[in-house]
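Read off the chains here:
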Amino acid sequence: MSDSHSSQNFETVAIHAGNTADPLTGAVVPPIYQVSTYKQDGVGGLRGGYEYSRSANPTRTALEENLAALEGGRRGLAFASGLAAEDCLLRTLLGPGDHVVIPNDAYGGTFRLFAKVVSRWGVEWSVADTSDPESVRAALTPRTKAVWVETPSNPLLGITDIEAVAQIAREAGAKLVVDNTFASPYLQQPLALGADVVVHSMTKYMGGHSDVVGGALVVNDAELGEELAFHQNAMGAVAGPFDSWLVLRGIKTLAVRMDRHSENAERVVEMLTRHARVTKVLYPGLASHPGHEVAAKQMKSFGGMVSFQVEGGEEAAVAVCDRARLFTLGESLGGVESLIEHPGRMTHASVAGSALEVPADLVRLSVGIESADDLLADLQQALG
Ligand SMILES: *Cc1c(COP(=O)(O)O)cnc(C)c1O
């Protein structure tokens, strides 16, 4: 955590880091500095370093300071989306001929970025089962510059041992990147476990209200932080002032929301594991989950994402999604409202036919913070 907040607990940091009272008015919340440029006091006489809002904007700075403190890093950077953050990171770390190891279970958009975009610039990639550290070791080449991990993963809720993979990456001279979107920094802090870079889609739990798209990178290494900041400005996919403000507002309740997301998910999992039409429940909180012990070691609780498979294949899974009422049928996740989706036809359609293809009978839930009883009743009726 940044020095001034290093002795404070997460809930306090979430509310206060970066949120200093406005020096002009005393406003207790950072104002939305909806501005592109700044008056200079004589040529080059910048006030507080602000020159042009692509390079820096006070509302974004407040969020970036908050992000760094939340992940226990030195530098936080806010982008227009999670994928914009990923793109900036990949183009900072990798060049033609470099190699990256990616998980066999990753967000579909991340896979598409590697397979269809970055690969055109001569970046090589191979797929590993990152839940098995030896599979990561086996995928390394002398040109490997980065290992990409998503834990828990989307949508199969696979768990990767961050500490073990960090060690393997370090020995190979590669950077370990952890997509921490599903856990949020309240449940898991990858930098403390040895990761080099944390990635977030702030669209999900950080924003938390399904009203903003945003992304983040957090690092501990000051030099890497500078390189990323250079690329952020040079490429330009920055978070706007209003979007930054919305995410800052969302983060203030992150801890209480995540506690409730986890509690509600546990109730849902308990019901699903007993349901006759459910053939498998994927949730790291289950003792039977292969990554349960690692998840219990590196996460505070198991989060709000639950996937399950239903009897009757693809048609049955799609029918469950169609019948749900309180669970809104939609992509995305991490908002206060519960969502349901069919990954094979929706979020993960872009990985069809690849090593990352997901089961056709899979349903994914983003369990919200409504009454758990109401959520259970809706799932019961949707399962028929
Ligand atoms: C949504 C998501 C992303 C991409 O973020 P966007 O904000 O949609 O660009 C990356 N990783 C994970 C795990 C996600 O769920």
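Residues numbered from 1 in each chain as written. Predicted model: local features only at pLDDT ≥ 70, side-chain atom pairs only at ≥ 80, totals over all residues. Heavy atoms only, no water.

This part covers the overall build of the protein. When its secondary structure is counted, the protein shows 13 helices and twelve strands. For a compact globule of 384 residues, the expected C-alpha radius of gyration is about 21 Å, and the protein comes in at 21 Å, within 12% of that figure. Referenced to the eigenvectors of the C-alpha coordinate spread, the extents of the protein come out at roughly 75 × 50 × 35 Å. Relative to its full complement of 384 residues, the protein shows a buried share of 54%. By sequence separation, contacts in the protein at least 24 residues apart represent 72% of the contacts at least 6 residues apart. By element, 52% of the accessible surface of the protein is carried by carbon and sulfur atoms, the whole surface being about 15,700 Å². For the protein, the distance from the average site of its 30 positive side-chain charges to the average site of its 46 negative ones is 3 Å. (Helix = DSSP H or I, 4+ residues; strand = E, 2+ residues; numbered from the N terminus. Rg over C-alpha atoms; globule rule 2.2 N^0.38 Å. Buried < 20%, exposed > 50% of the residue type's maximum accessible area, 1.4 Å probe, protein only. Contact = heavy atoms within 4.5 Å. Areas by Shrake-Rupley, 256 points an atom, 1.4 Å probe, with all protein chains shown as cover. Lys, Arg positive; Asp, Glu negative; His and termini not counted. Charge placed at Lys NZ, Arg CZ, Asp CG, Glu CD.)

With that settled, consider the pairing of strand β3 (residues 124–128). Pairing geometry for strand β2 (residues 99–103) and β3, over five bridges, is parallel. The residue bridging Val 101 from the neighbouring strand is Ser 126, located in β3. Handedness of the β2-helix α4 (residues 108–117)-β3 crossover: right-handed. (Pairing = 2+ DSSP bridges. Right-handed = clockwise from strand over helix to strand, strands pointing away.)

Turning our attention to the nonpolar core. Leu 67, Leu 272, Val 306, Phe 308 and Leu 365 are the most contacted members of the largest nonpolar core, which has 67 residues in total. Of the residues that make up this core, three or more belong to each of domain 1 (10–251) and domain 2 (255–383). Those residues within four positions of Val 306 in sequence are excluded, and the remaining contacts are Leu 157, Ala 265, Val 269, Leu 272, Val 281, Leu 282, Tyr 283, Val 363, Arg 364, Leu 365 and Val 367. Grouped together as the second largest cluster of nonpolar side chains are 29 residues, Phe 79, Val 123, Leu 217 and Leu 228 included. (Core = buried A, V, L, I, M, F, W, Y, C linked by side-chain atoms within 4.5 Å. Domains from an automatic or database assignment.)

Attention shifts here to the site of the ligand. Around the ligand, the structure places 14 residues, and the nearest of them are Gly 82, Asp 179, Ser 201, Thr 203 and Lys 204. Between the ligand and the protein, one listed contact pairs an oxygen atom with a side-chain N or O atom of Thr 203 at 2.7 Å. One of the side-chain N or O atoms of Lys 204 is found 2.7 Å from an oxygen atom in the ligand. Contact with the protein chains hides 93% of the accessible area of the ligand, taken as 380 Å² for the molecule alone. Tallying contributions element by element places helix α3 (residues 82–93) first for the shell around the ligand, with three residues. Its residues placed into classes, the shell around the ligand shows three nonpolar, seven polar and four charged. (Near = heavy atom within 4 Å. Polar contact = N/O pair within 3.5 Å; in protein donor to acceptor, adjacent residues only side chain to side chain. Nonpolar A, V, L, I, M, F, W, Y, C, P; charged D, E, K, R; others polar.)

Our focus in this paragraph is α3. For α3, spanning twelve residues, the distance from its first C-alpha to its last is 17 Å, which sits close to the expected 16 Å at 1.5 Å a residue. Burial of α3 is extensive: ten of the twelve residues sit out of reach of the surface. By the burial criterion, the buried members of α3 are Gly 82, Ala 84, Ala 85, Glu 86, Asp 87, Cys 88, Leu 89, Leu 90, Thr 92 and Leu 93. (Expected span 1.5 Å × (residues − 1).)

Let us now look at the environment of Glu 270. Among the structural elements, Glu 270 can be located in helix α10 (residues 254–274). When the C-alpha positions of Glu 270 and Glu 223 are compared, they lie 46 Å apart, and in sequence the two are 47 residues distant.

Once the domains are mapped, the protein shows domain 1 (10–251) and domain 2 (255–383). Placing the centre of domain 1 and that of domain 2 at their C-alpha centroids yields a distance of 26 Å. Contact with domain 1, which involves 41 residues of that partner, is made by 42 residues of domain 2. In total, about 3,100 Å² of surface goes out of reach between domain 1 and domain 2, with carbon and sulfur atoms giving 64% of it. A per-residue breakdown of the area domain 1 buries against domain 2 is headed by Tyr 186, Leu 187 and Tyr 205, which together make up 24% of the total. Where domain 1 meets domain 2, there are one salt bridge. Between Lys 297 and Asp 161 there is a salt bridge, with its nearest N and O atoms 3.1 Å apart. At the level of secondary structure, the elements contributing two or more residues to the side of domain 1 that touches domain 2 comprise α1 (10–16), α4, α6 (162–171), α7 (184–187) and α9 (241–251). Element by element, the count of residues in the side of domain 1 that touches domain 2 is highest for α4, at four residues. (Buried area = accessible area lost by both parts, 1.4 Å probe. Salt bridge = Lys/Arg side-chain N within 4 Å of Asp/Glu carboxyl O.)

This part takes up the pattern of salt bridges. Taken as a whole, this structure holds 16 salt bridges when the rule is applied. The partner of Arg 60 in a salt bridge is Glu 64, and the shortest N-O contact between them spans 3.3 Å. Residue Arg 60 and its partner Glu 64 are located together in helix α2 (residues 58–70), separated by four residues, close to a single helical turn. Residue Glu 64 is classed as buried on the basis of its relative accessible area, which comes to 12%. Note that Arg 260 and Glu 263 form a salt bridge whose closest N and O atoms lie 3.9 Å from each other. Of the two residues, Arg 260 and Glu 263 both sit in helix α10, three residues apart, roughly one turn of that helix. For Glu 263, a relative accessible area of 46% corresponds to the partly exposed category. Linked through salt bridges whose partners overlap, the residues forming this network are Asp 98, Arg 143 and Lys 145.

What follows is about the environment of Gly 215. Considering the arrangement of structural elements, one finds Gly 215 in strand β7 (residues 215–219). By relative accessible area, Gly 215 is classed as buried at 0%. For the pair Gly 215 and Ser 81, spaced 134 residues apart in sequence, the C-alpha to C-alpha distance is 4.3 Å. Apart from the residues within four sequence positions on either side, Gly 215 is in contact with Leu 77, Ala 78, Phe 79, Ala 80, Ser 81, Gly 82, Ala 85, His 200, Ser 201 and Met 202.

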